[in-house]
Amino acid sequence: MPKVEGTYPHEMKLEQAINVVKNAVEKLLESFEATDTNVFESSYPNPDIKAVEFSCKSRGFSISGKAIIRKDDISVVVNLPMLAMAFKGLVKAGMDKQIPKYLE
């Protein structure tokens, strides 16, 4: 399964970052014209790290991913099905456009 990855710096407290990341992911999925979206906080083994998982359907493809929120940065991974490999660049561009503007 192809993955699109990006890491973005932030200066927020962890709890604040969770809500901001949820909002940023929702906006990212909207930019993909996604339906059946699901964005939720998930558990992570390290208490100093938080995670937000997401899934949706876009243009007939099932997409999922996770945002890992650390003290100084947020790593986002979007999993695409093999048939959506052609959209990898568009997904990365969308991530780079949508996510950082919510972290400022």
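Scroll up a little and you will see the structure.
Scope of this entry: the structure provided in the associated data block. (Residues numbered from 1 in each chain as written. Predicted model: local features only at pLDDT ≥ 70, side-chain atom pairs only at ≥ 80, totals over all residues. Heavy atoms only, no water.)

## Focus on the environment of L83
Counted only if it meets this: What counts as a helix is a DSSP run of H or I of at least four residues, what counts as a strand is a run of E of at least two, and both are numbered from the N terminus.
Along the chain, L83 falls in the loop between strand 5 (73-79) and helix 2 (88-103). Between the C-alpha atom of L83 and that of P2, which follows or precedes it by 81 residues, the distance is 9.4 Å.

## So, the side chain of S42
As a reminder of what qualifies: Counting of polar contacts relies on pairs of N or O atoms within 3.5 Å, with two restrictions inside protein: one atom must be capable of donating a hydrogen and the other of accepting it, and residues adjacent in sequence are counted only when both atoms are side-chain atoms. By definition in these notes, contact holds between two residues if any of their heavy atoms fall within 4.5 Å.
Within the secondary structure, S42 sits in strand 2 (residues 35-42). Within the structure, the side chain of S42 is placed 2.9 Å from the side chain of E53, a separation counted as a polar contact. Beyond its immediate stretch of four places on either side in the chain, S42 contacts A51, V52, E53 and K66.

## Some thoughts on the sheet that holds strand 3 (residues 50-58)
Convention followed: For two strands to be treated as a pair, DSSP must find at least two bridges joining them. In this analysis, axes come from line fits to C-alpha atoms, helices being fitted only over the stretch in contact, and the angle between any two N-to-C directions falls in the range 0 to 180 degrees.
Pairing within the open sheet is antiparallel, and its five strands lie in the order 1-5-4-3-2. Among the strands making up the open sheet, the edge pair consists of strand 1 (3-9) and strand 2. Strand-to-strand, the axes of this sheet are offset by a mean angle of 15 degrees, without reference to chain direction. Two strands pair when backbone bridges link them, and strand 3 and strand 4 (residues 61-69) are joined in this way by nine bridges, in the antiparallel orientation. Bridged to K50 within strand 4 is I69. Set on the sheet, helix 1 (residues 14-31) makes contact with strand 2, strand 3, strand 4 and strand 5; between it and strand 3 the angle comes to about 10 degrees. Where helix 2 meets the sheet, it contacts strand 1 and strand 5, and its direction lies at approximately 20 degrees from that of strand 1.

## What to know about the packing of helix 1 against helix 2
The condition is simple: The scheme is simple: roughly parallel for angles under 35 degrees, roughly antiparallel for over 145, roughly perpendicular for 65 to 115, oblique for anything else. Put simply, a crossing is left-handed when the front helix is turned counterclockwise from the back one by less than a right angle, and right-handed when it is turned clockwise. Note on residue categories: nonpolar means Ala, Val, Leu, Ile, Met, Phe, Trp, Tyr, Cys or Pro, charged means Asp, Glu, Lys or Arg, and polar means any other residue, Gly included.
Taken N-terminus to C-terminus, the directions of helix 1 and helix 2 make an angle of 150 degrees; their axes are 9 Å apart at the nearest point. One finds that helix 1 runs roughly antiparallel with respect to helix 2. Where helix 1 crosses over helix 2, the two elements pack in a sense that is right-handed. Counting all contacts with helix 1, which are made through V20, V21, N23, A24, K27, L28 and S31, the residues of helix 2 involved are G94, M95, Q98, I99, Y102 and L103. Looking at side-chain class alone, the contact of helix 1 with helix 2 contains eight nonpolar, four polar and one charged residues.

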